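Topology and contacts: notes
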Amino acid sequence: MNGEVKTESKLEKILRSGQFAVTGECGPPRGADAEVIRHKCKLLKDKADAFNITDNQTSVVRMSSIASAVIMMQEGMEPVMQMVCRDRNRIAIQSDILGGAALGIKNMLCLSGDHQKFGDHPQAKNVFDIDSIQLISTVRRMRDEGKFLGGDDIKGVPKLFVGAAANPFADPFEIRVPRLAKKVAAGVEFIQTQCIFNLKKFSEWMKGVVDRGLHEKVFILGGVTPFKSFGMARYMAKNVPGMDVPDELLERMKGTPKESQAEEGIKIAVETIQQLKEMKGIAGVHIMAIEWEEKVGEIAEKAGLLPRPSV
Amino acid sequence: MVVGERKPFDEITGMLEGHKKIMVLGCGGCVTVCLTGGHDEVRVLSSQLRMARDNAGNPIEIVEKTVERQCDPEYVEEVSGIVPDVDAVLSMACGAGVQYVAERYPGMPVYPALDTTFVGGSTKEGYYVEKCQTCGACKLFYTGGICPIARCSKSLLNGPCGGSTKGKCEIDPEVDCAWQLILDRLKSLNRMDLYEENMAVNDWRTNRDGGPRKMIREDFQR
């Protein structure tokens, strides 16, 4: 799938040129120290094409996504500004879209956001004025029609490449392809999926995506997360909603001596990427090495994804 | 109906500190049905309060009364003969009822004995669940008769989110995923086509976001 490049996003250019894209992730710190971001950036630089900056993920207060993205750009990297609907109404959302674009951000990921129950401020009032699908159509309208949700004209439109998430492993499975179709109808241009551990189920979902021709309308990046240990694998299997870790992977991690578990986790991630590269409709991978940024390069290298193209 | 839950006893006794004679005022409406603020509950709470204050060597005199509805000036008027004789009113109505009583009797402290929790109904005796958030623009036509605003934890109009697991919500395995229920209903109605339509951004002006609301029957305004 090609199509006209609509923004200055490197990620968009790579995807539209038909090259296999790689995105990574960088979680902002729980403090005002910019050096934390700069340090993570040094570990991640040139290991992927663009890097998600999470937006108060799991509802834990962190440095803002926009501010962290700006620090990342100062390090010569391309951020994907994540934005959740939990903490902002449509006024704040549109204002932050304008601000982010003005500061040079080129990519945005539209998310509903984890419920605040999971975070460090479960007492907070949530917003959810609009949902992730409505956020997609909002930012597309701002960019392509130059209109605010309220209908007024925008002077100086935000040129953002618009992404969203998809979780093929959540229930009910049967609407997971139709739900992607809804996001496509709203105007999403790239998708990063939930971490893929159950490749069989993921292939089944991708078949549905391809059968409906959705892979020709949206770039799909498969989500990959390396296990640091058996403990982490077990935690993700049991405690993270919407996560599907098959027993055979748990057994494989459990059967590995403790000192080699990290290595085994990386091996599994690399194998997953290799299988994703062969899968019809997959345009790239999204490597989420949670608080393990130093391993992104190693995974990308072993999966044959380096060096990254320059566009 | 409006569902309410009695406040913790200590919070109630805290409000009544310093008062010697009060009226505990029940409501015959919703809170009677949900077993928290009717005639029977007035008797129970009054007994508990008397006992607690007796034990503390600080007795309290309590007048027990229950009116048809506290959200109606006509019924609130019925206790006008009692109010001057007490030094506080403890209302067991919902938040609306408490305010009607307070508004009618200036200078009289009126305290809430309940926390008004939600608009809903019972699934079995003594078990109540939220069904409606009174958003002011009913969408149940599109969602198979199940409200995503009141019953999805994120009020998603285009759900379910990625946290729906085996029919349950990510925030609590005891809570049904509203979108799973919606999908089951749409399927049973053969209306899955409705799911594929994206619901547009909501107009929250009819919700409380538009300011306090009113509903006026013009034909009664003459």
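Residues numbered from 1 in each chain as written. Chains lettered and ligands numbered in written order. Predicted model: local features only at pLDDT ≥ 70, side-chain atom pairs only at ≥ 80, totals over all residues. Heavy atoms only, no water.

Residue and element names in this part refer to chain B. Position of tryptophan 179 relative to the elements: it lies in helix 7 (residues 178-188). Taking the C-alpha atoms as reference points, tryptophan 179 and glutamate 41, 138 residues apart in sequence, are found 37 Å from one another. For tryptophan 179, the side chain forms a polar contact with the main-chain oxygen of leucine 156, separated by 2.8 Å. (Helix = DSSP H or I, 4+ residues; strand = E, 2+ residues; numbered from the N terminus. Polar contact = N/O pair within 3.5 Å; in protein donor to acceptor, adjacent residues only side chain to side chain.)

We now examine the side chain of B:Ser155. Residue and element names in this part refer to chain B. Here serine 155 lies in the loop between helix 6 (148-151) and strand 8 (168-169). Owing to a relative accessible area of 17%, serine 155 belongs among the buried residues under this scheme. Among the polar contacts made by the side chain of serine 155, one reaches the main-chain carbonyl oxygen of isoleucine 149 at a distance of 2.8 Å. Those residues in contact with serine 155 that lie beyond four places of it in its chain are Gln133, Pro148 and Ile149. (Buried < 20%, exposed > 50% of the residue type's maximum accessible area, 1.4 Å probe, protein only. Contact = heavy atoms within 4.5 Å.)

Take the sheet that holds strand 8 (residues 282-287) of chain A next. Residues and elements named next belong to chain A. A barrel is described by the order of its strands in space; here 8 strands give the closed sequence 1-2-3-4-5-6-7-8, paired in parallel fashion. On average, each strand axis in the sheet is tilted by 30 degrees relative to the strand beside it, whichever way the strands run. Bridging between strand 2 (residues 50-53) and strand 3 (residues 79-84) involves 3 bridges; their strand directions are parallel. Within the sheet, the bridge partner assigned to phenylalanine 51 lies in strand 3 and is proline 79. (Pairing = 2+ DSSP bridges. Axes fitted to C-alpha atoms, helices over the stretch in contact; angles between N-to-C directions.)

Moving on, we get to the pairing of strand 7 (residues 219-224) of chain A. All names here are of chain A. Most of strand 7 sits out of view: 6 of its 6 residues are buried. Here strand 7 shows two buried faces, one formed by Phe219, Leu221 and Gly223 and the other by Ile220, Gly222 and Val224. Judged from the 4 bridges that link them, strand 6 (residues 190-195) and strand 7 form a sheet pairing that is parallel. The residue of strand 7 that forms the bridge with phenylalanine 190 is phenylalanine 219. Running through helix 7 (residues 199-211), the crossover from strand 6 to the neighbouring parallel element strand 7 is right-handed. Here strand 7 runs beside strand 8; their pairing, made up of 5 bridges, is parallel. Opposite valine 224, over in strand 8, you have isoleucine 287 as the bridge partner. (Right-handed = clockwise from strand over helix to strand, strands pointing away.)

Attention now goes to a positive patch on the surface. A cluster of basic residues, A:Arg234, A:Lys238, A:Lys254 and A:Lys258, forms a positive patch on the protein surface. Note on placement: A:Lys238 falls in helix 8 (residues 230-239). (Patch = residues over 30% accessible without salt bridge, like charges linked within 9 Å, V, L, I, M, F, W, Y side chains within 5 Å. Areas by Shrake-Rupley, 256 points an atom, 1.4 Å probe, with all protein chains shown as cover. Salt bridge = Lys/Arg side-chain N within 4 Å of Asp/Glu carboxyl O. Lys, Arg positive; Asp, Glu negative; His and termini not counted. Charge placed at Lys NZ, Arg CZ, Asp CG, Glu CD.)

Take the interface of chain A and chain B next. The partner chain B presents 28 residues to the 31 residues of chain A that form the contact. Taken over both partners, the interface formed by chain A and chain B buries close to 2,400 Å², and the fraction arising from carbon and sulfur atoms is 49%. Applying the counting criterion to the chain A and chain B interface returns 2 salt bridges. Taking the shortest distance from any N to any O, the salt bridge between B:Glu196 and A:Arg212 comes out at 2.8 Å. The interface formed by chain A and chain B includes 20 residue pairs in polar contact (both at pLDDT 80 or more). (Buried area = accessible area lost by both parts, 1.4 Å probe.)

Moving on: the sheet that holds strand 4 (residues 88-91) of chain B. Residues and elements named next belong to chain B. The 4 strands are arranged 3-2-4-5 in an open sheet whose pairing can be described as parallel. One side of each edge strand has no neighbouring strand; the edge strands of this open sheet are strand 3 (61-67) and strand 5 (110-112). Each strand axis lies, on average, 25 degrees off the axis of its neighbour in the sheet, ignoring direction. The pairing of strand 4 with strand 5 spans 3 bridges and is parallel. Paired with valine 89 across the strands is valine 110, a residue of strand 5. Against the sheet, helix 3 (residues 39-55) makes contact with strand 2 (21-27), strand 3 and strand 4, and its axis sits at roughly 170 degrees relative to strand 3, the strand it touches most. Running at roughly 175 degrees to strand 5, helix 5 (residues 95-104) makes contact with strand 2, strand 4 and strand 5 of the sheet.

All names here are of chain A. Taken N-terminus to C-terminus, the directions of helix 9 (residues 247-254) and helix 10 (residues 261-278) make an angle of 145 degrees; their axes are 9 Å apart at the nearest point. Residues Leu249, Arg252, Met253 and Lys254 of helix 9 lie in contact with helix 10, whose contacting residues are Gln261, Glu264, Gly265, Lys267, Ile268 and Glu271. Looking at the contact of helix 9 with helix 10, its residues break down into 3 nonpolar, 2 polar and 5 charged. (Nonpolar A, V, L, I, M, F, W, Y, C, P; charged D, E, K, R; others polar.)

Our next topic: the domain arrangement of chain B. You can read the domains of chain B as domain 1 (2-118) and domain 2 (133-210). Computed over C-alpha atoms, the centres of domain 1 of chain B and domain 2 of chain B are 37 Å apart. (Domains from an automatic or database assignment.)

Residues and elements named next belong to chain A. Across its 13 residues, helix 7 extends 18 Å between first and last C-alpha, which sits within 8% of the 18 Å expected from 1.5 Å per residue. Among all positions in helix 7, only Leu199, Phe202, Trp205, Met206, Val209 and Val210 are buried. Down the axis of helix 7, the smallest arc covering the buried residues is 140 degrees, so these residues share one side. In helix 7, those exposed residues whose orientation departs by more than 90 degrees from the buried face are Lys200, Lys207 and Asp211. Elements in contact with the buried residues of helix 7: strand 5 (161-166), helix 6 (176-186), strand 6, strand 7, helix 10 and strand 8. Residue glycine 213 follows helix 7 closely and has a positive phi angle near 75 degrees. (Expected span 1.5 Å × (residues − 1). Arc of directions from axis to C-beta.)

Here the focus is the environment of A:Gly265. Residues and elements named next belong to chain A. Inspection of the secondary structure assignment puts glycine 265 in helix 10. We classify glycine 265 as buried; its relative accessible area is 1%. Sequence separation between glycine 265 and methionine 63 is 202 residues; the distance between their C-alpha atoms is 29 Å.

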